Amino acid sequence: MATITLKNINKSFDNIHLVINKFDLEINDGEFMVLVGPSGCGKSTLLRMIAGLEIPTTGEIWISDTLVNPVPPKDRNIAMVFQNYALYPHMSVFDNLAFGLKLRKVPKSEIVKRVHKAADILEIKDLLDRKPKQLSGGQSQRVALGRAIVRDPKVFLFDEPLSNLDAKLRVHMRAEIKKLHRQLGTTMIYVTHDQVEAMTIGDRIVILNDGVIQQVGTPLEVYQNPANRFVASFIGSPPMNFLEGKIENGSLLAEKVSINLSEAKNIHKLEGENVIFGIRPENIHLTEDGLELPVVINEPLGNETFLHLQAGQQILIARIPALESIQLGDRVRVSFDLSKACFFSSKTEDRLFFT
Amino acid sequence: MFAYPFLWMISATLKPEIEIGEIGLWSSNFSLRSYKDVISKIPIGRALLNSLFVSSSVTFFVIIFGSIVGYALSRLRFFGRDFIFGVILFTMVIPFQITLIPMYILMVKFGWVDTYLSLIVPGMISTFGILLFRQFFRDIPQALVDAAKIDGCNDFQILFRIIWPLSKPVIITVGILSFMGSWNDVLWPLIVIRVQKLMTMPQLVTIFKVGGQAEGQLGAQLAAATLLAIPIILIYAFFQRYFIESMATSGLKG
Ligand SMILES: Nc1ncnc2c1ncn2[C@@H]1O[C@H](COP(=O)(O)OP(=O)(O)O)[C@@H](O)[C@H]1O
Ligand SMILES: [Mg+2]
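Parameters and conventions
Here the residue numbers are simple positions, counted from 1 along each chain's written sequence. Following the order in which they are written, the chains are lettered starting with A and the ligands numbered starting with 1. Note on the predicted model: pLDDT of at least 70 is required for a residue's local features to be given, and 80 or more for side-chain atom pairs to be given and counted; whole-chain, interface and lining totals, by contrast, use all residues. Remark: hydrogens and water are excluded; side-chain values derive from all non-hydrogen atoms of the structure. The numbering of helices and of strands both runs from the N terminus, where a helix is a DSSP run of H or I of at least 4 residues and a strand a run of E of at least 2. Burial classes follow relative accessibility: with a 1.4 Å probe on protein chains only, a residue under 20% of its type's maximum area counts as buried, one over 50% as exposed, and anything between as partly exposed. Contact between two residues is taken to exist if any of their heavy atoms lie within 4.5 Å; hydrogens are not considered. Defined in terms of a 1.4 Å probe, buried area is the accessible area two parts forfeit on being brought together, summed over both. One side-chain nitrogen of Lys or Arg within 4 Å of one carboxyl oxygen of Asp or Glu is enough to make a salt bridge. Under the rule applied, a polar contact is a pair of N or O atoms within 3.5 Å (in protein, one hydrogen donor and one hydrogen acceptor; residues adjacent in sequence only if both atoms are side-chain atoms). A helix's residues, less one, multiplied by 1.5 Å, set its expected span. Buriedness for pockets is judged along seven lines, at least five of which must meet protein on both sides within 12 Å for an open set on the 1 Å grid over protein atoms alone, while cavities are sets there where a 1.4 Å probe fits but cannot get out, and lining residues have an atom within 4 Å of a point. Grid points are joined across faces, edges and corners, and a volume is the space filled by probe spheres set on the points. Side-chain classes follow a simple rule in which Ala, Val, Leu, Ile, Met, Phe, Trp, Tyr, Cys and Pro form the nonpolar group, Asp, Glu, Lys and Arg form the charged group, and the remainder, Gly included, forms the polar group. Near residues are defined by distance, with any heavy atom within 4 Å of the molecule or strand qualifying the residue. For accessible areas, the Shrake-Rupley method is used with a probe of radius 1.4 Å. Any residue's cover is judged against the shown protein chains and nothing else. By convention, a stacked pair of Phe, Tyr or Trp rings (six-membered ring in the case of Trp) has centres within 6.5 Å and planes under 30 degrees apart, an edge-to-face pair has planes over 60 apart, and any other such pair is tilted. Counting as a charge over the ring demands two things of the Lys NZ or Arg CZ atom: a distance within 6 Å of the ring centre and an angle within 35 degrees of the ring normal. Two strands are said to pair when DSSP picks up at least two bridges between them. Fitted lines through C-alpha atoms serve as axes, helices being fitted only where they are in contact, and the angles separating the N-to-C directions of these axes extend from 0 to 180 degrees. The patch calculation keeps residues exceeding 30% relative accessible area without a salt bridge and links them within 9 Å when they carry like charges or within 5 Å when they are nonpolar (Val, Leu, Ile, Met, Phe, Trp, Tyr).

**Some remarks on the overall build of chain B**
- When helices and strands are counted, chain B shows 13 helices and zero strands.
- Moving toward the C terminus, one meets the helices and strands of chain B in the order α-α-α-α-α-α-α-α-α-α-α-α-α.
- Across the 254 residues in chain B, those meeting the buried criterion constitute 41%.
- The contacts in chain B between residues at least 6 apart in sequence include a share of 72% that link residues at least 24 apart.

**Points about the interface of chain B and chain A**
- Between chain B and chain A, the residue contacts involve 21 residues of the former and 28 residues of the latter.
- Taken over both partners, the interface formed by chain B and chain A buries close to 2000 Å², and the fraction arising from carbon and sulfur atoms is 60%.
- Where chain B packs against chain A, one counts three salt bridges.
- One salt bridge in this structure joins Asp146 of chain B and Arg48 of chain A, with 2.4 Å as the shortest N-O distance.
- Counting across the interface, chain B meets chain A through seven residue pairs in polar contact (both at pLDDT 80 or more).

**Looking at helix H5 (residues 96–110) of chain B**
- An ideal rise of 1.5 Å per residue puts 21 Å on 15 residues; H5 of chain B measures up with 20 Å between its terminal C-alpha atoms.
- The first or second residue beyond H5 of chain B is Gly111 of chain B, which carries a positive phi of 70°.

**Side note on the layout of surface pockets**
- Looking at the largest pocket, its volume works out to about 1100 Å³.
- Lining the largest pocket are 32 residues, and of these Phe96, Pro122, Gly123, Ile125 and Asp185 of chain B sit closest to its centre.
- Elements that contribute at least two residues to the lining of the largest pocket include exactly helix H3 (44–75), helix H4 (81–93), H5, helix H7 (127–138), helix H10 (168–184) and helix H11 (187–192) of chain B.
- When its residues are assigned to classes, the lining of the largest pocket shows 19 nonpolar, 12 polar and one charged.
- The computed volume of the second largest pocket comes to approximately 460 Å³.
- Along the wall of the second largest pocket there are 21 residues; nearest its centre are Ser339, Lys340, Ala341, Cys342 and Arg351 of chain A.

**Remarks on the site of ligand 1**
All names here are of chain A.
- Around ligand 1 sit Phe13, Val19, Ser39, Gly40, Cys41, Gly42, Lys43, Ser44 and Thr45, and that is every residue in its neighbourhood.
- A distance of 3.0 Å is found between an oxygen atom of ligand 1 and a backbone nitrogen or oxygen belonging to Gly42.
- Contact distances for ligand 1 include 2.9 Å between an oxygen atom and a backbone N or O atom of Lys43.
- Against a free-state accessible area of 560 Å², the protein chains account for coverage of 57% of ligand 1.
- A total of three residues in the shell around ligand 1 trace back to one element, the largest contributor, which is helix H1 (residues 43–51).
- Tallied by class, residues from the shell around ligand 1 come to three nonpolar, five polar and one charged.

**Observations regarding empty space enclosed by the protein**
- Tallied over the entire structure, the rule returns two cavities of 30 Å³ or more.
- As a volume, the second largest cavity reaches approximately 70 Å³.
- As for the second largest cavity, its lining consists of Ala79, Met80, Phe82, Arg147, Ala148 and Arg151 of chain A together with Ala147, Ile150 and Asp151 of chain B.
- Mapped onto the lining of the second largest cavity, the elements with two or more residues apiece are strand E6 (78–81) and helix H4 (137–150) of chain A together with helix H8 (142–151) of chain B.
- A per-element tally of the lining of the second largest cavity places H8 of chain B first, with three residues.
- Grouping the constituent residues of the lining of the second largest cavity by class yields six nonpolar, no polar and three charged.

**A short note on unusual backbone geometry**
Residues and elements named next belong to chain A.
- The amide bond that connects Ser237 to the next residue, Pro238, takes the cis arrangement and shows omega of -5°.
- Here Pro238 is to be found in the loop between helix H8 (229–234) and strand E11 (241–248).
- One non-glycine residue, Lys256, lies in positive phi territory at about 60°.
- Tracing the sequence through the fold places Lys256 in the loop between strand E12 (251–254) and strand E13 (257–260).
- Since its relative accessible area comes to 70%, Lys256 is described here as exposed.

**Here we look at the packing of aromatic side chains**
- This structure, assessed with the given rule, holds 16 aromatic pairs over all chains.
- Where Phe158 of chain A meets Tyr190 of chain A, the ring centres are 5.5 Å apart and the plane angle is 40°; that geometry is what we call tilted. In this pair, Phe158 of chain A sits in strand E7 (residues 155–159) while Tyr190 of chain A sits in strand E8 (residues 187–192), placing the two residues 32 residues apart along the sequence.
- Looking at Phe158 of chain A, the relative accessible area reads 0%, which means it is buried.
- The structure contains a cluster of three or more aromatic residues connected by ring pairs, namely Phe32, Phe156, Phe158 and Tyr190 of chain A.
- A cation over an aromatic ring shows up here: Arg280 of chain A above the ring of Tyr223 of chain A, its NZ or CZ 3.9 Å from the ring centre.
- Its guanidinium or amino end placed over the ring of Phe85 of chain B, Arg134 of chain B lies 3.7 Å from that ring's centre, counting from NZ or CZ.

**Description of the pairing of strand E19 (residues 342–345) of chain A**
Residues and elements named next belong to chain A.
- Residues Cys342 and Phe344 line one face of E19 and the alternating positions Phe343 and Ser345 line the opposite face, and both faces are buried.
- In terms of strand pairing, strand E14 (residues 274–279) meets E19 through four bridges, oriented antiparallel. For Phe277, the partnering residue across the bridge sits in E19 and is Phe343.

**Quick notes on the sheet that holds strand E9 (residues 204–209) of chain A**
Residue and element names in this part refer to chain A.
- A sheet is described by the order of its strands in space; here six strands give the open sequence E6-E7-E8-E3-E9-E10, paired in mixed fashion. Bordering the open sheet on either side are E6 and strand E10 (212–217), each of which pairs with just one other strand. Here the strands of the sheet are splayed against their neighbours by 15° on average, with no regard to which way each runs.
- Relative to E9, strand E3 (residues 32–36) is paired through four bridges, and the arrangement is parallel. When the bridges of E9 are listed, Val36 appears paired with Ile207.
- Along the sheet, H1 makes contact with E3, E6, E7, E8 and E9, crossing E7 at roughly 155°.

**Concerning a nonpolar patch on the surface**
Residue and element names in this part refer to chain B.
- Nonpolar side chains collect at one region of the surface, where Leu89, Phe90, Met92, Val93, Ile94, Ile98, Phe128 and Leu177 lie side by side and expose about 720 Å² of accessible area between them.
- For the nonpolar patch, the element with the most residues is H4, which contributes four residues.
- Counting through the fold element by element, Phe128 comes out in helix H7.

So this is what it looks like as structure tokens:
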């Protein structure tokens, strides 16, 4: 059982550019924390610092009540699962699982017991004699998970563990990892660039961009109440629609289109300002008497349909029930559920009226 | 075709002296007389053991030290690493003739002349070996090294328990090259060894040929040369098979 506290972490590889910038975070005991962000934003670097594989340039890392900055990886009581599995190619599956225990001088009978228990949990008992080369991707990932759990660590670190699997297997393994978390109750930190994975697997999510935390919260919090434009566009698929323009007389004047926003909360406070108006696809509805827009792309998914609408120079995506029979080039009337609309500052792209 | 000179040499060593000039391979008078001559005139058996001992030791240390330095240069981060690598590269371009005399003076100062140490110690570090190891180690996925660190390995355990088993092709390549290099070296032993019982095989054979003991007998000279070549051919033949095998089986998964 362990908490993790990161205090004002900065990391630079070249003493010029900060890869991780003033990172502060507290992870609760037994929590499943997901770190999500685009490729290259510093997720792996952060995880590797928690593991002890990289040293923070400044700042403190605490695991429970130990300052671990000077502690080598092997003494941090953590286990890590890598994207490429990182199984030792020259050892059997059994030896891959047992290696860490052997180095720690665990008695042989105990090793056998623990390896078999882990193999039971992950259903890899039949694979123990194989070499990693003889395993499929899904099997390799199970073995990598097994190598992590035999050591019974206080913290699990996952670095994009499912990225190399095909879509179907990924969904399956996602559920398995979630189940493993419930079973073990151990603190887990999970890195991914896939926002859907982050939303479905995490107790809380940290959204990272360019080494800077954008927002921390539960999946629903960050979806419904994004702190800035980056979070709003990164979380959700298709992403939130954005229209930039000036507020005049309660309407948004964007390029070649004007939208009446007089019903929106706090709109009078924005009078005369340049803002970014954000609305999620599911909050655009077909109506009898709304704004009339032409359909440029029609994507029926079966259970629902994505309509791409031309709004002036920009495209708005609406998510509507599948039953509507709409043709390409039709003009449709839409209204916006303004209670769900977001406004962002044009300058900073921060959310306005964010609480 | 390319085997002909070699076959001719073997056949010549078996022929009586007067027939050696003939181009044909076969003679009805084959005998081991030339070999007996060689063995009776010089301590070639002892020289064989000397050579085996010296070349094996050199090879052993080249692999150990080369892989340790190669590991440091490829996997550890420390101040001046790239500079040190540059210096090591630079020493490769210095012709050995330049270091020969200073090295000899060093051997004299250490009192190592006419000892095995002078044959082994100067050959223990091979820049070429370091280079090959470094290059090969760089291609081993970092995640494997990271996983080993988390599992509890120190740097030596990472090198010998994780990296070595994955590096058989380069270990064997460096091994063959340094063994052959050490085995075939004549000049250096001629400089530092003067007592016959410490002489290496090529040194002894060279002295035998040019030093007059062979008394102009071509058969005996060729027999000595054949004896010199046989061990290296055996070693090469054995490891080459293994080398190709390990190349084929060590396919690392990224
Ligand atoms: N060992 C390293 N040396 C220099 N730069 C690095 C190193 N590791 C990562 N970086 C840089 O740090 C940034 C973040 O990398 P990383 O943490 O791997 O991102 P992510 O995992 O989010 O894709 C990248 O710009 C990368 O080039
Ligand atoms: Mg990464």
